[in-house]
Every structure is written in structure tokens, then in C-alpha cells.
Amino acid sequence: MSLALRTLVAAALVATAGIATLPHAATAAGVERLYILNCGEGPAGDISRWSPGVNEGQSMDFVDSCYLIKHGKDWLLWDTGVTEAVAAMPNGLAPADPRMVTWHVPRTLTAQLQEIGVAPSDITALAVSHTHPDHIGNVELFPKAMLYVQKAEYEWPGANNTPRFKPEHPATRVEGDLDIFGDGSVTILATPGHTPGHQSLMVRLPRTGVVVLTGDAVHFQSNWDNRRVPAMNFNKDETVASMQRIADILSREHGQLWINHDKAQRATLKLSPAFYE
Ligand SMILES: [Zn+2]
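We now turn to the structure provided with this report. These numbers were taken from a predicted model, which means no experiment stands behind them.

Cut-offs applied
- Residues numbered from 1 in each chain as written.
- Predicted model: local features only at pLDDT ≥ 70, side-chain atom pairs only at ≥ 80, totals over all residues.
- Heavy atoms only, no water.
- Pairing = 2+ DSSP bridges.
- Helix = DSSP H or I, 4+ residues; strand = E, 2+ residues; numbered from the N terminus.
- Axes fitted to C-alpha atoms, helices over the stretch in contact; angles between N-to-C directions.
- Phe/Tyr/Trp six-rings, centres within 6.5 Å; stacked < 30°, edge-to-face > 60°.
- Buried < 20%, exposed > 50% of the residue type's maximum accessible area, 1.4 Å probe, protein only.
- Lys NZ or Arg CZ within 6 Å of the ring centre and 35° of its normal.

Here we come to the sheet that holds strand E5 (residues 146-150). In space, the six strands of this open sheet follow the order E1-E2-E3-E4-E5-E6, with mixed pairing throughout. The strands lining the two open edges of the sheet, one partner per strand, are strand E1 (31-44) and strand E6 (171-174). Ignoring which end each strand starts from, the neighbouring axes of this sheet average 20 degrees apart. Note: strand E4 (residues 125-127) against E5, three bridges, orientation parallel. Across the sheet, residue Ala-127 finds its bridge partner in E5, namely Tyr-148.

Rendered as C-alpha cells:
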């Protein structure tokens, strides 16, 4: 079944049965590959912004990851990173608040895709964890790709009530969890808290096993270990509940947690053009 058709079926199921998962299709190809792309990096001025009362005045380097998933004929990109226009800025993109991250883009997303032989038009689906600029910066490199985003995030008014996405961009407004390909291989997990409609992604790889891609459900390992909630989060209780939800899924699935912004962890992982199977 094509992705577009599956999306229609999923929408129909959501509409009729109130559930957002498709029956597992035993014949589906599943995920073949997962690539980790460098979609930004740079120093955060004061990481106590993310861990109130702890790490006061301490600077730390962040990374910003995008993840490219090959499923049959489809390519799904999870999070799109800092806009690749920043690659042309020698001093990077300085934040309004110096405690936040100064983003640099050492290599464009387009160039990284080209390196592995993927054209932007090959990407049939996008899913974003949430609508902060370091996650949606390159959405419009893929104007025809179906965008999977929580309805609560899509409809969250931006500054001056501006929409979060171009209205003409094809979008599936997800409510809760969604099994994107209908075979249990790639599942959106609703993990609100950082923003109203934050989501994470569970990927079932044939060799690697289950990996949960955090989005910004957590920013770095010590915050995960101590269940710390950043001051800027939309809802603290929801954030804690979402971290616990992920922890329960990881223990049930014997899965790994890949933390999007954690530089120390990412240094232990293979980056594109290497990939996970
Ligand atoms: Zn982020």
C-alpha cells in the first residue's frame, strides 16, 4: 500500500474507530535503514536553562540531529534541523537569549542527502517532534512531502498568531500515537510537555532493534537520569509523564533512547553516510 493510501486509511480509522494504529501487515517490508544527519551544532551559554537549579552558568555544546529512515520506496525524515541557510553564516545564528544555543550548520542537509544519493524530492514523508526553529528549519526543502505533526502542535498559535506551517504544505494532523506505515516499524508517540503537541518516534530496526528518537522530550542524559524539566517547557507535569511513558516503552521493548541534542551520546553513534539496519 502506498504511503498516501495508508495515510487515507489511517485517517479513516482515526475518524471511525478513534484509534490511530493500523493492523500489523505481516508482509510489509519494514525499515531497511536509518541514517543520522548533522542538522546543527553549537554551544549553549548556560545549560541551567534546561535544568533549573543545576549546572548554573555552565556552558555545553549541543548537537541537533535529523534522522532519515528508508522504508520500502518511502523515505521519512524525522526532524529537519536548523535552517541550512545558517551554513552561510560564519559566526552562526546567535540566540536572543545568550543562555541558549548559538547554532552552526557545518554542512547543509541538502549536501548530506546528496552524499547518500537521496534527492529532496525522494523524501515522501516528514515528521517533526515539535515546532521550535531547530526542528522545523528545513521543512520547506520538501514542499510535497506529507508532514506528520500533532494537531495540538499544528494549531498552536505562533507569534502574532502566525501559523506554524504553510497552509499549502500537505499535513496529517495526528491525535495521539500513529503507526505511520501500518506495520509497527515506525510509530509516532505522543509525548507532550516541551510543547503542547510534542511527539517522539519509535523505530523498529531489523538488526538494531527498537530505538526511540526523543525529539526534545529530554535534551541531555543527566536530565533524563534525574527527570529534570527545562524552565521553558510548556507543561512540567506532562513532560515528566512523557519521560515516564518513554521509559516504560523502552523497558517493554528493550529499546535504546537516542537523545536528539546530546552531543556526548551522539559521539558514540554512527553518522551518515554510515547507517543503522
Ligand atoms: Zn530542540
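When we look at a pair of aromatic rings, we describe it by the centre distance and by the angle of the planes. Counting across every chain of the model gives seven aromatic pairs. Ring centres of Tyr-154 and Phe-165 lie 5.6 Å apart, and the angle between their planes is 25 degrees; this geometry places the pair in the stacked category. Of this pair, Tyr-154 sits in helix H4 (residues 151-154) while Phe-165 sits in the loop between H4 and E6, and the two are 11 residues apart along the sequence. Judged on exposure class, the residue Tyr-154 and its partner Phe-165 are both buried. A cation sits over an aromatic face here: Arg-33 above Phe-275, 3.9 Å from the ring centre.

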